[in-house]
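Chain by chain, the residues:
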Amino acid sequence: MGTLGRSFGRLWTVGAVSAVGDGVTMVAGPLLAASLTRDPVQVAGLAVAQQLAWMLFALPSGALVDRVSRRRVLVTAALVRSVALGALGLALLAGQASLWLLYVVFFVVGCAGVAFENAASTLVPVLVPPAGLTRANGRLLGAAVVGRDLLAKPVGALLFAVAVWVPFVLDAVALLLVAVLSARLPAGVAERGAGRASVWAEVVAGVRWLWRHRVLRVLTVAVAAENVTVGAMTAVLVLIARERLGLGELGFGVLLMVTAVGGVLGGLLADRLVGWFGVPVLVRAGLVLEAVAHLVLAVSREVVVAGVAAAVVGAQLLVFSTVGASLRQSLTPPELLGRVHSSYRWVTGAAMLAGSALGGLLAGWFGLAAPFWLGALGVAVLAVLLPVGVFREVPLATTR
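Source: prediction; values computed, not measured.

Colleague: Help me out: how do you make sense of the layout of surface pockets in this one?
Modeller: Empty space within the second largest pocket amounts to approximately 250 Å³. Along its surface, the second largest pocket is lined by 16 residues, and Leu273, Gly286, Leu289, Gln316 and Val319 are the ones closest to its centre. For the lining of the second largest pocket, the secondary-structure elements that each account for two or more residues are helix H9 (249-277), helix H10 (279-299) and helix H11 (303-331). When residues of the lining of the second largest pocket are assigned to their parent elements, the largest contribution, 6 residues, is made by H9. Class assignment of the residues belonging to the lining of the second largest pocket gives a composition of 12 nonpolar, 4 polar and no charged.

In structure tokens:
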């Protein structure tokens, strides 16, 4: 990874391999659910199981990551996910398919995945100097998009067609490799002994610290507001693709790939963009571009134009995510980083979930374009009202 160092290269490899396995399972899981039942409520229950894991375990996972070495969390979480997915694969191989088994496995995998993502993010500032944080986060997020969205999802569908158990066993093996690679990373933070507060008290301390920090409070509220519009958009994007743009399943897949490519470019360029424009200008300009992209998606019936707009949204989201991660890592004390990160992710994740529900309701009440009009208006208002001047208080160092 060049100037980012060998240890970061190991973390990048861990994240990339994990993302590929996640992508395979993200496709195979819904396909398996749909093969077991035609009830849309029961199929949707799989997504509920994953979201429930995040909502229930995100905040406690932050306290866990701040209590023990982050390397230990990475290794344990990878092993838990591997065992759960391996057990599911073996059950399918034995012809013991069960919807409830699928729910339980995905809930367990979701809980372990929350801890894994938290530990990986909080390990970055341990491995990378402050000047390299933006570049490092951009590389990590870009690798996740490539591995999960561009490479693994088509492979997951193909493997599921070969045999339903193969994708889950493959992911289980990949996670064993992740555990081995994670064991070679630095510990991150020394484990704390007796005298520590209760988990709940530590969670509250993390939430309180995040809310009292002006810059991170503004960042959290801004991303939460943005995520409402993103959730609304993604909830009906497949219908826009089919009914407004005239795309079939393959065309919709290409549209998602174009969005992912935009995200990869955003992650790779984030460090340079911060160096060229600074965080305040970059955040404001990115939101303006995102609002315009929502507007284009609301009115356009041209496939190429809509594809460009989707790519712009993907790029903006990765740039904003990279900047946000770097700010959290730069401003948060190491002993609080796990809890602050998990608090931030819980709030912004809940906003995404609320946006998804809102998008479905708006589309049903006012037509398919309504969620995109919400995005255009909401992000435009955010671009105007967001006090980006607070980001001048803590300018990010870059590798330029």
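Colleague: I tried to follow the side chain of arginine 70 on my own but got confused; where do I start?
Modeller: Within the secondary structure, arginine 70 sits in helix H3 (residues 70-93). Classification of arginine 70 as buried rests on a relative accessible area of 1%. Looking at arginine 70, its side chain comes within polar contact range of the side chain of aspartate 66, at 2.9 Å. A polar side-chain atom of arginine 70 sits 3.3 Å from a polar atom in the side chain of threonine 122.

Colleague: Explanation requested: the nonpolar core in the structure shown.
Modeller: As a rule of thumb, nonpolar side chains are buried together in soluble globular proteins. Within the largest apolar cluster, 29 residues are counted, with the highest numbers of intra-cluster contacts made by Leu219, Val283, Leu287, Leu386 and Phe391. Residue assignment for this core shows that the elements contributing at least two residues are helix H8 (214-244), H9, H10, H11, helix H12 (337-366) and helix H13 (370-385). The element contributing the most residues to this core is H8, with 6 residues. The residues touching leucine 287, leaving out its near neighbours within four places in the chain, are Glu226, Gln316, Phe320, Val379, Leu382, Ala383 and Leu386. Core analysis: the second largest hydrophobic core is formed by 27 residues, Leu74, Val128, Val178 and Leu181 among them.

Colleague: Mind showing me how you'd approach empty space enclosed by the protein here?
Modeller: Think of a ball as big as a water molecule: rolled over the atoms, this probe shows where empty space is left. Tallied over the entire structure, the rule returns 1 cavity of 30 Å³ or more. Put simply, the largest cavity is a space of about 50 Å³. In terms of lining residues, the largest cavity is bounded by Leu282, Val283, Gly286, Gln316, Val319, Phe320 and Val323. Counting residues per element, the ones that place at least two in the lining of the largest cavity are H10 and H11. Per element, the largest residue contribution to the lining of the largest cavity is 4 residues, and it comes from H11.

What counts and what doesn't
- In every chain, residue numbers begin from 1 and rise along the written sequence.
- Whole-chain, interface and lining totals are the exception, using all residues; otherwise, since this is a predicted model, local features are given only for residues with pLDDT of at least 70 and side-chain atom pairs are given and counted only at 80 or more.
- As a rule here, side-chain values come from all non-hydrogen atoms in the structure, and water together with hydrogens is ignored.
- Space inside and on the surface of the protein is sampled on a 1 Å grid over the protein atoms alone, with a cavity defined as a set of points where a 1.4 Å probe fits but cannot get out and a pocket as an open set with protein on both sides within 12 Å along at least 5 of 7 lines; lining residues have an atom within 4 Å of a point.
- Grid points are joined across faces, edges and corners, and a volume is the space filled by probe spheres set on the points.
- The secondary structure listing takes helices from DSSP runs of H or I that are at least 4 residues long and strands from runs of E that are at least 2 residues long, numbered from the N terminus.
- Note that Gly is not counted as nonpolar here; it falls among the polar residues with everything else outside the nonpolar set of Ala, Val, Leu, Ile, Met, Phe, Trp, Tyr, Cys and Pro and the charged set of Asp, Glu, Lys and Arg.
- For every residue, the accessible area obtained with a 1.4 Å probe (protein chains only) is divided by the maximum for its type, and the residue is called buried under 20%, exposed over 50%, and partly exposed between those limits.
- For the purposes of these results, a polar contact is taken to be a pair of N or O atoms within 3.5 Å, where, inside protein, one atom must be able to donate a hydrogen and its partner to accept one; residues adjacent in sequence count only when each atom of the pair is a side-chain atom.
- By nonpolar core is meant a set of buried Ala, Val, Leu, Ile, Met, Phe, Trp, Tyr and Cys residues that side-chain atoms within 4.5 Å join together.
- Note on contacts: a residue pair is in contact if any heavy atoms of the two residues lie within 4.5 Å.

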